Amino acid sequence: MAEINLSFSVNDQKMEVSTEPTRTLLSVLRDDLKLKGAKEACGQGDCGACVVLLDGEAVNSCLVLAVQAEGSQVITVEGLASKGQLHPLQQNFIENWAFQCGYCTAGMLISSYALLMDNPNPNPEEIRAAIAGNLCRCTGYHEIIEAVGKTAADLQQPVLTSES
Ligand code: FES
Ligand code: FES
């Protein structure tokens, strides 16, 4: 099959790939760009292990064709940390024991990140709704919901400076 050239941004870096038009975004991220954070589990939109942000929307990247990302901005779990510092969500997942095997974690983090972008102060019901498409076979939902709520609370704190 003829390949097509794609250009899009991943974690704020411009990427160019040549791919068959039938391949998924997940496949291109993992196999061509070597970004292995998003996982393939069900491969059919049921589990959320593959969630990434596509132009700010959380999507199951196993259901998105790579060609649909042309010209777009993609954020994967690898893009959450900044300057060697984990994102507060990642830190709170660690501190709250919000994962066991970790297979669902990238998708959980990105779905939670998308929630906090839209709603910086979600209640537990809203957090549950935001991760409803993310399945955890280790059943760590309670800790995950707590970690997201703690992050929201942390991000509400005023930033203290030496002048304060
Ligand atoms: S691998 Fe994409 S939703 Fe399960
Ligand atoms: S931590 Fe194992 S699937 Fe969620």
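Structure first, text after, so check above.
In short, a report on the structure. Residue indices follow the written sequence of each chain, beginning from 1 at its first position. All chains are assigned letters beginning with A, and all ligands numbers beginning with 1, in the order in which they are written. Local features in this predicted model are restricted to residues of pLDDT 70 or higher, and side-chain atom pairs are both shown and tallied only at a pLDDT of 80 or more, whereas totals for entire chains, interfaces and linings draw on every residue. Based on all heavy atoms of the structure, the side-chain values leave hydrogens and waters out of the count.

Below, the discussion takes up the pairing of strand β4 (residues 57-60). Pairs of strands are assigned from DSSP output, requiring at least two bridges between the strands. For the purposes of this entry, the term helix denotes a DSSP run of H or I that reaches at least four residues, the term strand denotes a run of E that reaches at least two, and both are numbered from the N terminus. Bridge count for strand β3 (residues 51-54) against β4 is four bridges, and the pairing is antiparallel. Pairing of L54 across the sheet is with E57, part of β4. With antiparallel pairing between neighbouring strands as the criterion, β3 and β4 make up a hairpin whose turn holds two residues, including D55 at a positive phi of roughly 50°.

As a further point, take a nonpolar patch on the surface. Only residues whose relative accessible area exceeds 30% and that take part in no salt bridge are eligible for patches, with like-charged residues grouped when within 9 Å of each other and nonpolar side chains (Val, Leu, Ile, Met, Phe, Trp, Tyr) grouped when within 5 Å. Per-residue and other accessible areas follow the Shrake-Rupley method at a 1.4 Å probe size, with only the shown protein chains counted as cover for residues. Just to be clear on terms, a salt bridge is a Lys or Arg side-chain nitrogen sitting within 4 Å of an Asp or Glu carboxyl oxygen. On the surface, a cluster of nonpolar side chains totalling about 250 Å² of accessible area is made up of L86, I94 and F99. Inspection of the secondary structure puts L86 in the loop between β5 (73-75) and α2 (88-95).

Note: strands within a sheet are paired through backbone hydrogen bonds, in either parallel or antiparallel orientation. If you walk across this open sheet you meet the five strands as β2-β1-β5-β3-β4, and the pairing is mixed. Only two strands of the sheet have a single neighbouring strand rather than two, namely β2 (13-19) and β4. Between one strand and the next, the sheet's axes are offset by a mean angle of 40°, whatever the strand orientation. As paired strands, strand β1 (residues 4-10) and β2 are joined by seven bridges and run antiparallel to one another. Paired with S9 across the strands is K14, a residue of β2. Each of β1, β2, β3 and β5 is contacted by helix α1 (residues 25-32), which is oriented at about 105° to β2, the strand it contacts most. Note on contacts: a residue pair is in contact if any heavy atoms of the two residues lie within 4.5 Å. For helices, the fitted axis covers only the stretch in contact; all axes are lines through C-alpha atoms, and the angles between them, taken along N-to-C directions, range from 0 to 180 degrees. The strands touched by helix α3 (residues 105-118) within the sheet are β3, β4 and β5, with β3 carrying the most contacts at an inclination of about 35°.

Now for α3. For a helix, the expected span equals 1.5 Å multiplied by the residue count minus one. Helix length check: α3, at 14 residues, gives a terminal C-alpha distance of 20 Å against a target of 20 Å (1.5 Å per residue), a fit within 8%. Remark: exposure states derive from per-residue accessible area (1.4 Å probe, protein chains only) relative to the maximum for the residue type, with buried under 20%, exposed over 50%, and partly exposed in between. Judged by how many residues are buried, α3 sits mostly within the fold: eleven of 14 residues are covered. Those residues of α3 that fall on the buried side of the exposure criterion are T105, A106, G107, M108, L109, I110, S111, S112, A114, L115 and L116. Its buried side turned inward, α3 meets β3, β4, β5, α2, α4 (124-130) and α5 (141-156).

All right, on to the nonpolar core then. One recurring pattern in soluble globular proteins is that nonpolar side chains are buried together. Among the nonpolar cores identified, the biggest contains 24 residues, and F93, M108, I144 and V148 are the most heavily contacted of them. Residue assignment for this core shows that the elements contributing at least two residues are β3, α2, α3 and α5. Ranked by the residues each element gives to this core, the list is headed by α3, at seven residues. Here I144 is in contact with F93, A98, M108 and I131, once residues within four sequence places are set aside. Only buried residues count toward a nonpolar core. Its members are Ala, Val, Leu, Ile, Met, Phe, Trp, Tyr and Cys residues joined through side-chain atoms within 4.5 Å.

Every buried residue of α2 is accounted for by L89, Q90, N92 and F93. Looking straight down α2, one finds that the buried residues subtend no more than 165° of arc, so they occupy a single side. Of the surrounding elements, those touching the buried residues of α2 are α3 and α5. Directly beyond the C-terminal end of α2, a positive phi value near 55° is found at W97. Summarising the geometry, the arc corresponds to the directions from the helix axis toward the C-beta atoms.

Among the secondary structure elements, T105 is positioned in helix α3. The residues contacting T105, other than those within four sequence positions of it, are F93 and F99.

Turning our eyes to something else, we now look at unusual backbone geometry. One non-glycine residue, N11, adopts positive backbone phi at about 50°. Residue position: N11 is located in the loop between β1 and β2. Residue K83 is not a glycine yet carries a positive backbone phi of 50°.

By themselves, these are just geometric observations and shouldn't be taken as functional.
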